[in-house]
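# Observations on chain architecture
The primary structure of each chain is shown beneath.
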Amino acid sequence: MKRETIYKRYEPSFTPKEKNSPSYWFVFNSDKLLINTENDFKIPFTENLNDFSLSPLREQYLGTLEGHPCYTAEVAPGTTAPDDMTFEDLRSIYEVLDEDIYLVAGRAIQVINWDKNHQFCGKCGAPTVTSEHEMSKICPECGFTSFTRLSPAVITAIVKDDKILLAKHSYGLKRYSLIAGFVEAGETLEEGVKREIAEEVGLKVKNIQYFGSQPWPFPHSLMVGFTAEYESGEINVDGNEITDAKWFDADEVPRMSSMISIASELIEWFVENYSD
Ligand SMILES: [Zn+2]
């Protein structure tokens with residue numbers, strides 16, 4: 001699934017070229033996105049949000065979508081959606097939005113939250129200014145720079161004798177899923193893969209291969225997918241974070257209903273390559 005860009009019609013940029021032209025607005029209210037039914041993209045299209053009686057607390061330029069400027073904005077919690085529009089949780093509207101729009105919305109929510117959460121220097125407390133040269137906020141007092149926060153996480157399809165390992169977590173989804181976890185400071189991605197697998201199911205793996213990556217804005221991850229071969233060890237779950245783990249062959253592996261995540265692409269890769 002390697003791909004040079006995930007976007008088809010969107011071009012990222014942080015420096016607006018033209019102002020006061022009709023734009024797509026990715027508007028968030030307590031992390032919920034404003035969607036409507038007025039255009040194909042279901043994203044409000046207007047020169048000025050005041051046209052919809054919305055007063056943004058903050059806004060950031062995002063780039064262009066089919067040549068039109070895109071902005072992300074935040075409105076005050078409790079703001080009522082304009083007529084024929086609603087604020088929706090991002091996870092719940094994957095099926096509703098075009099894939100490109102969904103991806104831009106994922107970028108938008110991270111940019112607007114970065115803007116909100118870095119108004120003041122984390123080191124000395126002075127108000128920050130947004131850089132004109134890169135997506136960063138700089139403290140004019142002490143020079144400390146804050147970039148958009150990204151927390152890389154690794155997710156791995158472990159294969160042994162035509163079977164894939166899936167585990168059941170004690171939290172969140174109750175179905176069996178791939179082993180995943182955040183990369184720790186000082187680790188390579190591959191070291192993160194090995195450590196997470198050892199910690200969660202007690203196995204050693206080899207031949208770790210990059211599969212692809214995916215922005216995962218819940219709230220600010222970058223999911224990096226890998227495939228790996230079982231090397232040694234017996235399944236030994238911690239009983240705390242992971243309650244069960246077992247090997248599934250291609251006929252019995254639980255398929256995911258949507259292709260929203262790289263996890264589903266990894267499972268489809270396994271089914272395609274390891275079916276009888
Ligand atoms: Zn400072």
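Thresholds applied
Residues numbered from 1 in each chain as written. Predicted model: local features only at pLDDT ≥ 70, side-chain atom pairs only at ≥ 80, totals over all residues. Helix = DSSP H or I, 4+ residues; strand = E, 2+ residues; numbered from the N terminus. Buried ≥ 20, exposed ≤ 12 C-beta atoms within 10 Å, placed from the backbone. Contact = placed C-beta atoms within 7 Å. Core = buried A, V, L, I, M, F, W, Y, C linked by C-beta atoms within 7 Å. Pairing = 2+ DSSP bridges. Expected span 1.5 Å × (residues − 1). Domains from an automatic or database assignment. Nonpolar A, V, L, I, M, F, W, Y, C, P; charged D, E, K, R; others polar.

Counting its secondary structure elements, the protein chain contains three helices and 17 strands. Taken along the three principal axes of its C-alpha coordinates, the protein chain extends 60 × 45 × 35 Å. In the protein chain, which comprises 276 residues, the share counted as buried stands at 30%. In the protein chain, of all internal contacts separated by at least 6 residues, the share reaching a separation of at least 24 is 61%.

Residues Ile158, Leu165, Leu178, Ile179 and Leu266 are the most contacted members of the largest nonpolar core, which totals 28 residues. Elements represented by at least two residues in this core include exactly β11 (151-160), β12 (163-169), β14 (179-182), α2 (189-201), β15 (204-216), β16 (221-232) and α3 (262-274). Those residues in contact with Ile179 that lie beyond four places of it in its chain are Thr156, Ile158, Leu165, Ala167, Glu196, Ile197, Glu200 and Val201. Within the second largest apolar cluster, 27 residues are counted, among which are Phe26, Leu65, Tyr71 and Ala105.

The three strands lie next to each other as β8-β9-β10, forming an open sheet whose pairing is antiparallel. Each of the sheet's edge strands pairs with one partner strand only, and the pair in question is β8 (129-130) and β10 (145-147). Strand direction decides the pairing type here: strand β9 (residues 136-138) and β10, joined by three bridges, are antiparallel. Each bridged residue has a counterpart across the sheet, and for Ser136 the counterpart in β10 is Phe147.

Let's shift gears to helix α1 (residues 99-117). Across its 19 residues, α1 extends 27 Å between first and last C-alpha, which sits within 8% of the 27 Å expected from 1.5 Å per residue. Inspection of α1 places Ile101, Val104, Ala105, Gly106, Arg107, Ala108, Ile109, Gln110, Val111, Ile112, Trp114 and Asp115 among the buried residues, and these make up the whole buried set.

When the domains of the protein chain are assigned, the result is domain 1 (10-111), domain 2 (118-148) and domain 3 (151-274). Distance between the C-alpha centres of domain 1 and domain 3: 33 Å. In this assembly, nine residues from domain 1 lie in contact with six residues from domain 3. The residue makeup of the side of domain 1 that touches domain 3, split by class, is four nonpolar, two polar and three charged.

This part is about the pairing of β12. With two bridges connecting them, β11 and β12 associate as antiparallel partners. Residue pairing in the sheet places Val159 in a bridge with Ile164 of β12. The turn linking β11 back onto β12 is made up of two residues, and Asp161 within it adopts a positive phi angle of 45 degrees. Across seven bridges, β12 lies against strand β17 (residues 242-249) in antiparallel orientation. Bridged to Lys163 within β17 is Asp249.

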